[in-house]
Amino acid sequence: MILAERMMSNKDLAEKLGKDLATISKWVTNTTQPSLENLIEISRCLKCEINEFVRTTPIPEI
């Protein structure tokens, strides 16, 4: 969602961070999570706070 607000694609973010597009895709789809170091870099790149990426409420059980 933040990428869309910034009018950026996964490819744009991958290029800015020097990461593989597949890695960015896994982060975006929540298949894997970026390290704290990567979260800091992402927040700098997207000019937003890290807390925009961190869920603070529990996931409801199904």
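Heads up: the structure comes first, above all this text.
Residues numbered from 1 in each chain as written. Predicted model: local features only at pLDDT ≥ 70, side-chain atom pairs only at ≥ 80, totals over all residues. Heavy atoms only, no water.

**Q** What am I meant to see in the layout of surface pockets here?
**A** It is the rolling of a water-molecule-sized probe over the atoms that shows where space remains empty. One number sums up the size of the largest pocket: a volume of about 630 Å³. Taken together, the elements giving at least two residues each to the lining of the largest pocket come down to helix 1 (2-5), helix 3 (21-28) and helix 4 (36-46). Its residues assigned to classes, the lining of the largest pocket comprises 14 nonpolar, three polar and two charged. (1 Å grid on protein atoms, 1.4 Å probe; cavity = no way out; pocket = protein on both sides within 12 Å on 5 of 7 lines; lining within 4 Å. Points joined across faces, edges and corners; volume = space filled by probe spheres on them. Helix = DSSP H or I, 4+ residues; strand = E, 2+ residues; numbered from the N terminus. Nonpolar A, V, L, I, M, F, W, Y, C, P; charged D, E, K, R; others polar.)

**Q** How should the environment of Phe53 be read in this particular structure?
**A** With respect to the secondary-structure elements, Phe53 resides in the segment after helix 4. On the accessibility criterion, Phe53 (29% relative accessible area) is partly exposed. Along the sequence, Phe53 and Trp27 sit 26 residues apart, while their C-alpha atoms lie 10 Å from each other. In this structure Phe53 touches Ile2, Leu39, Ile42, Ser43, Leu46 and Cys48, once residues within four positions along its chain are discounted. (Buried < 20%, exposed > 50% of the residue type's maximum accessible area, 1.4 Å probe, protein only. Contact = heavy atoms within 4.5 Å.)

**Q** Help me understand the packing of helix 2 (residues 10-17) against helix 4, please; the structure alone is not making it clear to me.
**A** Between two packed helices, the angle of one axis relative to the other and the distance separating the axes together describe the packing. Remark: helix 2 packs on helix 4, axes separated minimally by 11 Å, with the N-to-C direction vectors making an angle of 115°. In terms of their interaxial angle, helix 2 and helix 4 are classed as roughly perpendicular. Remark: the crossing between helix 2 and helix 4 carries right-handed chirality. Two secondary-structure elements touch here, helix 2 through Leu13, Lys16 and Leu17 and helix 4 through Glu41, Ile42, Cys45 and Leu46. Grouping the amino acids of the contact of helix 2 with helix 4 by side-chain chemistry returns five nonpolar, no polar and two charged. (Axes fitted to C-alpha atoms, helices over the stretch in contact; angles between N-to-C directions. Parallel < 35°, antiparallel > 145°, perpendicular 65-115°, else oblique. Left-handed = near helix turned anticlockwise from the far one by under 90°.)

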